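# Structural description and commentary
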Amino acid sequence: MNAPLIRYVEPVFRPPSEAESLILPVTDGCSWNACTFCEMYTAPQKAFRARSEDEVLTSIRQVGERYGSRVRRVFLADGDALVLPTRRLLAILEAIKTHLPTVHRVSSYCLARNLKKKTVAELTSLREAGLRMAYLGAESGDDLVLEKVKKGETHDSTRAALDKLGEAGITRSVMILNGLGGQIYSNQHADHSARLANATQPEFLSTLVVSFPQGEARFRADFPEWEALEQAGLFREMERFLSQLELRRTVFRSDHASNFLILKGTLGADKERLLAQVRQAIDDPGGAPLRPDWARGL
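Here goes a summary of the coordinates provided. Here the structure is a predicted model, which means the values were calculated and not measured.

## A few points about the environment of Arg70
Within the secondary structure, Arg70 is located in the loop between helix H1 (53–67) and strand S4 (73–77). Put simply, Arg70 and Thr102 are 32 residues apart on the chain and 7.2 Å apart in space, counted from C-alpha to C-alpha.

This is the structure in structure tokens:
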């Protein structure tokens, strides 16, 4: 039996918008992996390690030999490819350009902490080499909530990373977790998350609902006062968040499988329409485009 072109370590994750992309692991796991709300990389086989440069470059070459003209997008996995040195990332991007010449976008997840040692000039060189988009899970703009969930970031450190990416011309897709502050911190979570988005003006902004498929024990160990928001509470938090957004041209999506309420639009052009949808859901849940229960968690 022939060896696989790419060695995957399950489970494999990627953003919903990368469904048709080639998933190319350049690391395994997440270099931080301490966030108590995240179960993506907690399995033993997902312990963090950088893959060898030879393995990654060989995979790119072999995929190019078999599928080179069919690949349009590449997503660099796992949790934070930008932890790798710039030199190594440039070598990977150059190999993609050589062996997968029809690729027009390379993207990856990004931890804010991993940009502290990268200059704008380095990030600009990565963008020029093909890295077009970075997905950054801000989760919250509130320092207390970030501390409670062991994110390892602050409002200011997240803002600095997003500003650096923006200055380098790399498209930013920012994720906020609806309900992460629970009942007690819901308002400040919404307020400061909106403040973060307004300050950075990301090209894409999305919200997911915090959930715990493996149970809440790990999360509650450091956040014992957390109480989940019911559906109506999530909607009210979303209304508070949206009402404070002052975005000029940000594509907004709240249509992940975890979301109860499906929202899509461009902010600020569609702000009033989106707010009207949320308010309708608060007043009359049966009249709003809610995601059916069977679809949540897919």
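## Some points on the packing of aromatic side chains
Overall, the coordinates contain nine aromatic pairs when judged by the stated rule. Taking the centre distance of 5.7 Å and the plane angle of 80° together, the rings of Phe13 and Tyr41 count as edge-to-face. With Phe13 in the segment before strand S1 (22–25) and Tyr41 in the loop between strand S2 (27–28) and strand S3 (49–50), this residue pair connects regions lying 28 residues apart in the sequence. Taking relative accessible area as the criterion, Phe13 reaches 25% and is therefore assigned partly exposed. Measuring from centroid to centroid gives 6.2 Å for Tyr109 and Tyr135, while their planes differ by 75°, and the two rings are edge-to-face. Residue Tyr109 is found in strand S5 (residues 105–110), and its partner Tyr135 is found in strand S6 (residues 131–139); the two are separated by 26 residues along the sequence. Cluster of aromatic residues (ring-pair linked, three or more members): Tyr185, Phe212, Phe219, Phe223 and Trp226.

## Quick notes on the environment of Ile23
Structurally, Ile23 is set in strand S1. For the pair Ile23 and Gly68, spaced 45 residues apart in the sequence, the C-alpha separation amounts to 14 Å. Apart from residues no more than four positions distant in its own chain, Ile23 is found in contact with Ile6, Tyr8, Val12, Arg14, Glu18, Phe75 and Ala77.

## Here's the deal with the packing of helix H5 (residues 155–168) against helix H6 (residues 186–200)
For the pair H5 and H6, interaxial distance at closest approach is 10 Å and the crossing angle is 25°. Put simply, H5 runs roughly parallel to H6. Between H5 and H6 the crossing geometry is right-handed. Between H5 and H6, the residues in contact are His155, Thr158, Arg159, Leu162 and Asp163 and His192, Arg195, Leu196, Ala199 and Thr200, respectively.

Calculation criteria
Residues numbered from 1 in each chain as written. Predicted model: local features only at pLDDT ≥ 70, side-chain atom pairs only at ≥ 80, totals over all residues. Heavy atoms only, no water. Helix = DSSP H or I, 4+ residues; strand = E, 2+ residues; numbered from the N terminus. Phe/Tyr/Trp six-rings, centres within 6.5 Å; stacked < 30°, edge-to-face > 60°. Buried < 20%, exposed > 50% of the residue type's maximum accessible area, 1.4 Å probe, protein only. Contact = heavy atoms within 4.5 Å. Axes fitted to C-alpha atoms, helices over the stretch in contact; angles between N-to-C directions. Parallel < 35°, antiparallel > 145°, perpendicular 65-115°, else oblique. Left-handed = near helix turned anticlockwise from the far one by under 90°.

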